Amino acid sequence: YGNFVDDLRVYVRGGTGGMGYPRLGGEGGRGGDVWFVARERITLKGIKEKYPQKRFVAGTGANSSVKALKGEKGKDCEVHVPPGISLVTDDGKQIGELNAAGERFLAARGGLGGSLATNFLPCKGQKRIIHLDLKLIADVGLVGFPNAGKSSLLSKVSHAKPQIASYAFTTIQPELGKIMYADYKQISVADLPGLIEGAHANKGMGHKFLKHVERTKQLLLVVDISGFQLSSKTQFRTAFETILLLTKELELYKDELITKPALLAINKMDLPCAKDSLNELMSQLQNPQDFLHLLEEEMIPANTLEFKEVIPISTYTGEGIEELKACIRKSIDEEAEQENEEYRKKKLLLLQTSK
């Protein structure tokens, strides 16, 4: 995922129709269509390298002739794109999305062939400029301020090898890893670039970061037990304040983000005094309302995040990592079961109403 590309602007044009045959009333073939087809193992970066012109034009319809009064349709153009793509026009209007492999979207229709209705002259195909906007799909999105240890955690739970350094903002592009379980189940985890205060207003990586959070099924907040300070000019935040600030940023960007299932990993438990800080944090999390007076008004979120589990970990010693992997698995399985149950209920309701 080096030089991660998450937005690609492409030109698409349907094929022109074929000429009609006025003397015998022959009809030209219709122009080919341009389709976007979602496929696994495709990246926007790959498309950009393979098609530097970023132009996709379908084939022209065959002309009508004495041998074939009805001309053949032009060749369709299929563009393979990664799943998890939103299709947006130049003026920002979303015209479709492809979420799973195999889904198709008609991007540009071919023009009609020449016929009596068109005075036997062919029509041009539809042409448009479309943004392929990747909202990265992963089962779990790691959310936290810079230096909370998200990259270290990703390297511990999966085979991903993110660059890790001892300064803030090491991660400037999303990293994907997969947790592999003994029964061959795989869960994808996305380490997303560090959020900062004011991200909802597009500070730092702002919207670029929050856009990716939208397309993860669950959130895993990673918080440094010793608190967080971005620089000497910014205020120091305790672990409890950090959690509220992260919640506030997600909420200000989009309310729905707060309704996602969430887990909380308390990192750096190998530090001295971490146990005392954890006890204090747990009591604050049990009754958050009692501690909100410690914060400025604008930092307090309207709703607090409900965590399914709170897991103390240390990416340095490996403490709690296996337990965290088990919690992620349990949470994902529970959600899948719930979705299946809702799907079954819908089907049953449809059957009952149709009878």
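Details of the structure are given in the entry above.
Report on the accompanying structure. Predicted model only: the values in this text are computed from it and were never measured. (Residues numbered from 1 in each chain as written. Predicted model: local features only at pLDDT ≥ 70, side-chain atom pairs only at ≥ 80, totals over all residues. Heavy atoms only, no water.)

### Comments concerning the overall build of the chain
Here is step 1: Within the chain one finds six helices and 14 strands.
Here is step 2: Taken across its 355 residues, the chain has 46% of its residues classed as buried.
Here is step 3: A fraction of 72% describes how many contacts in the chain between residues 6 or more apart in sequence connect residues 24 or more apart.
Here is step 4: A total of about 18,900 Å² of accessible surface is found on the chain, and carbon and sulfur atoms cover 52% of it. (Helix = DSSP H or I, 4+ residues; strand = E, 2+ residues; numbered from the N terminus. Buried < 20%, exposed > 50% of the residue type's maximum accessible area, 1.4 Å probe, protein only. Contact = heavy atoms within 4.5 Å. Areas by Shrake-Rupley, 256 points an atom, 1.4 Å probe, with all protein chains shown as cover.)

### Section: the packing of aromatic side chains
Here is step 1: For the structure on display, the rule yields one aromatic pair.
Here is step 2: Centre to centre, the rings of Y51 and F56 are 5.0 Å apart; their planes meet at 70°, and the pair counts as edge-to-face.
Here is step 3: Residue class for F56 comes out buried when judged on its relative accessible area of 5%.
Here is step 4: Sitting over the ring of W35, R104 keeps its end group 4.6 Å from the ring centre.
Here is step 5: Against the face of Y181 rests R329, its NZ or CZ located 5.2 Å from the ring centre. (Phe/Tyr/Trp six-rings, centres within 6.5 Å; stacked < 30°, edge-to-face > 60°. Lys NZ or Arg CZ within 6 Å of the ring centre and 35° of its normal.)

### Considering the environment of L264
Here is step 1: Relative to the helices and strands, L264 resides in strand β13 (residues 262–267).
Here is step 2: The exposure class of L264 is buried, given its relative accessible area of 0%.
Here is step 3: With 41 residues separating them along the chain, L264 and V223 place their C-alpha atoms 7.6 Å apart.
Here is step 4: Contacts of L264, omitting those with residues within four sequence positions, involve L220, L221, V223, I243, L285, F307, E309, V310 and I311.

### Considering the sheet that holds strand β3 (residues 55–57)
Here is step 1: Spatially, the five strands line up as an open sheet ordered β3-β1-β8-β5-β6, and their pairing is mixed. If you trace the sheet from one side to the other, it starts and ends with β3 and β6 (94–98), each paired once. Sheet twist, expressed as the mean angle between neighbouring strand axes with direction ignored, is 25°.
Here is step 2: Across four bridges, the pairing between strand β5 (residues 85–89) and β6 is antiparallel. The partner of S86 across the bridge, within β6, is E97. (Pairing = 2+ DSSP bridges. Axes fitted to C-alpha atoms, helices over the stretch in contact; angles between N-to-C directions.)

### A look at unusual backbone geometry
Here is step 1: Positive phi, normally seen in glycine, also occurs at R41, with a value near 60°.
Here is step 2: Mapping R41 onto the fold places it in the loop between β2 (34–38) and α1 (44–50).

### Topic: helix α6 (residues 321–354)
Here is step 1: Compared with an ideal rise of 1.5 Å per residue, which puts 34 residues at 50 Å, α6 spans 50 Å between its outermost C-alpha atoms and is within 8% of the ideal.
Here is step 2: Among the residues of α6, those classed as buried are I321, L324, K325, C327, I328, R329, S331 and I332. (Expected span 1.5 Å × (residues − 1).)

### Some details on helix α4 (residues 239–253)
Here is step 1: The terminal C-alpha atoms of α4 lie 22 Å apart, and with 15 residues this matches the ideal 21 Å at 1.5 Å per residue to within 8%.
Here is step 2: Of all 15 residues making up α4, 13 are buried, and the element is well covered by its neighbours.

### Here we look at the sheet that holds strand β7 (residues 104–108)
Two pairing modes exist for strands in a sheet, parallel and antiparallel, and in both the strands are linked by backbone hydrogen bonds.
Here is step 1: Spatially, the three strands line up as an open sheet ordered β4-β2-β7, and their pairing is mixed. The open sheet has two free edges, formed respectively by β4 (77–81) and β7, since each of these has just one partner strand. Between one strand axis and the next, the sheet turns through 30° on average, direction left out of account.
Here is step 2: Bridge count for β2 against β4 is five bridges, and the pairing is parallel. In the strand pairing of β4, A38 is matched with V81.

### Considerations on the packing of helix α2 (residues 150–157) against α6
Here is step 1: Between α2 and α6, whose axes approach to 11 Å, the crossing angle comes to 80°. By the angle between their axes, α2 is roughly perpendicular relative to α6. Contact with α2, carried on its side by L153, K156 and V157, involves I321, L324 and K325 of α6 and no other residues of that element.
Here is step 2: When grouped by side-chain class, the residues that make up the contact of α2 with α6 number four nonpolar, no polar and two charged. (Parallel < 35°, antiparallel > 145°, perpendicular 65-115°, else oblique. Nonpolar A, V, L, I, M, F, W, Y, C, P; charged D, E, K, R; others polar.)

### Some thoughts on the pairing of strand β14 (residues 307–312)
Here is step 1: Two elements, β13 and β14, share four bridges in a ladder whose sense is parallel. By the bridge assignment for β14, A265 is matched with I311.

### Description of the side chain of E251
Here is step 1: Relative to the helices and strands, E251 resides in helix α4.
Here is step 2: A polar atom in the side chain of E251 sits 2.9 Å from the backbone nitrogen of A302.
Here is step 3: Every residue in contact with E251, bar those within four places of it in the chain, is listed here: I258, P301, A302 and N303. (Polar contact = N/O pair within 3.5 Å; in protein donor to acceptor, adjacent residues only side chain to side chain.)

### Quick look at the pattern of salt bridges
Here is step 1: All told, the structure shown has 18 salt bridges when counted by the stated rule.
Here is step 2: Between E49 and K45 there is a salt bridge, with its nearest N and O atoms 3.6 Å apart. Placement of both E49 and K45 in helix α1 is noted, with a separation of four residues, approximately one turn of the helix.
Here is step 3: Classification of K45 as partly exposed rests on a relative accessible area of 30%. (Salt bridge = Lys/Arg side-chain N within 4 Å of Asp/Glu carboxyl O.)

Purely geometric numbers; function is a separate question.
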